Amino acid sequence: VAMIIHTAAQPSHDWAAKEPLTDFTVNANGTLNLLELTRLHSPKATLIFTSTNKVYGDTPNYLPLIEFEDRWEIDSSHPYFEKGIDELMSIDHTKHSLFGASKVAADVLCQEYGRYFGMNVGIFRGGCLTGPNHSGTQLHGFLSYLMKCAITGDHYTIFGYKGKQVRDNIHSYDLVNMFWHFHQNPKQGEVYNAGGGRRSNCSMKEAINMCEKITGNKMNYSYTEDNRIGDHIWYISDLSKFKNHYPNWDWKYNMDDIISQMYFAMKERI
């Protein structure tokens, strides 16, 4: 085996709170099983682990954020303003959600197997991973589910933060291309943030406007003040570390590309 890409996970922090034992068994124990089997049977293989930005818990919410008409944004004097949040942000002393906690366990296990056993393990802390074939649900995959509701007229609920919460979105092609570049020259237990960065991000309100514009439909949505526990107000990934290690990699797609491809692909499926 040359390469293993571990993307299997329970991805919803709402669902994890209802089934914490199942969530931890899938996300943490499942990852440990895969790491140990790789060590025993294919120790030279490249192992890619899709972690999550939820390992940072709600620490990003304590950044100096400023409210604009359609989005929250970080203060322009802050080091994260130019490129986003880097891998040095603490994953400790923060509220993660139980999903975030199980992913932290898996994330640290992957680092340890890479560093302690010298295995070629890469940890990719994803922002919103999406693309034209994404099948989002109400609890996970907001952009895909939002587009589905825009096309069908189904009701969509915005949870808190005035609908101005910001996420970066990375196209599935660009993410898989990161994995490919890592495989060409793998590191041992290295951690990388993986997202759309400053190139590809939007707020919930901005995403609704984009979906309405491309579909020509007025969305059927409502707002509730109750944000999801541990949810981020503003999160944009800084990919400088990965780009420094793998300078031949760059994004191919941005938000407009993602929205457009998602609309045309979903219209065919629905």
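Coordinates for the structure precede this section.
Remember, it's a predicted structure, so these values are computed and weren't measured experimentally.

Considering the environment of I85
Thinking step 1. Mapping I85 onto the fold places it in the loop between β4 (72-74) and α3 (98-116).
Thinking step 2. The buried category is assigned to I85, whose relative accessible area is 0%.
Thinking step 3. Between the C-alpha atom of I85 and that of N193, which follows or precedes it by 108 residues, the distance is 8.3 Å.

Looking at the packing of helix α4 (residues 142-152) against helix α6 (residues 204-215)
Thinking step 1. Taken N-terminus to C-terminus, the directions of α4 and α6 make an angle of 40°; their axes are 10 Å apart at the nearest point. Judged by the angle between their axes, α4 and α6 are oblique. Handedness of the crossing formed by α4 with α6: right-handed. Contacts from F142, L143, L146, M147, A150 and I151 of α4 reach α6 at M204, A207, I208, C211, I214 and T215.

Some thoughts on the packing of α4 against helix α8 (residues 255-269)
Thinking step 1. Look at α4 against α8: their axes get within 10 Å of each other, and the N-to-C directions meet at 50°. When the axis of α4 is compared with that of α8, the two are oblique. Pair α4 / α8 crosses with right-handed handedness. In this structure, α4 contributes L143, S144, M147, K148 and I151 to the contact, and α8 contributes M255, I258, I259, M262, Y263, M266 and K267.
Thinking step 2. Residue composition of the contact of α4 with α8, grouped by class: 9 nonpolar, 1 polar and 2 charged.

Describing the pairing of strand β9 (residues 190-194)
Thinking step 1. Among the 5 residues of β9, 5 are classified as buried, and the element is accordingly described as predominantly covered.
Thinking step 2. Neither face of β9 is open: one carries E190, Y192 and A194, the other V191 and N193, and all of them are buried.
Thinking step 3. As judged from the 5 bridges shared by strand β5 (residues 120-126) and β9, these two strands associate in the parallel manner. Bridge assignment links I123 to a residue of β9, and that residue is V191.

Notes on the nonpolar core
General note: in soluble globular proteins, nonpolar side chains tend to be found buried as a group.
Thinking step 1. Ranked by internal contacts, the top residues of the largest apolar core, which has 22 residues, are F142, L143, L146, Y156 and M219.
Thinking step 2. Counting residues per element, the ones that place at least two in this core are α4, β7 (156-159), α6 and α8.
Thinking step 3. In this structure M219 touches L146, C149, A150, Y156, I208, C211 and E212, once residues within four positions along its chain are discounted.
Thinking step 4. The next biggest cluster of nonpolar side chains, apart from the first, holds 14 residues, and it includes I170, L175, L239 and W249.

Comments concerning the packing of aromatic side chains
Thinking step 1. Using the criterion set out here, one finds 17 aromatic pairs in the structure.
Thinking step 2. Taken together, the ring pairs connect F124, F179, F182, Y192, F242, Y246, W249 and W251 into an aromatic cluster.
Thinking step 3. It is K241 that lies over the ring of Y192; its NZ or CZ is 5.3 Å from the centre.
Thinking step 4. Its guanidinium or amino end placed over the ring of Y173, K252 lies 4.9 Å from that ring's centre, counting from NZ or CZ.

About the thresholds
Residues numbered from 1 in each chain as written. Predicted model: local features only at pLDDT ≥ 70, side-chain atom pairs only at ≥ 80, totals over all residues. Heavy atoms only, no water. Helix = DSSP H or I, 4+ residues; strand = E, 2+ residues; numbered from the N terminus. Buried < 20%, exposed > 50% of the residue type's maximum accessible area, 1.4 Å probe, protein only. Axes fitted to C-alpha atoms, helices over the stretch in contact; angles between N-to-C directions. Parallel < 35°, antiparallel > 145°, perpendicular 65-115°, else oblique. Left-handed = near helix turned anticlockwise from the far one by under 90°. Contact = heavy atoms within 4.5 Å. Nonpolar A, V, L, I, M, F, W, Y, C, P; charged D, E, K, R; others polar. Pairing = 2+ DSSP bridges. Core = buried A, V, L, I, M, F, W, Y, C linked by side-chain atoms within 4.5 Å. Phe/Tyr/Trp six-rings, centres within 6.5 Å; stacked < 30°, edge-to-face > 60°. Lys NZ or Arg CZ within 6 Å of the ring centre and 35° of its normal.

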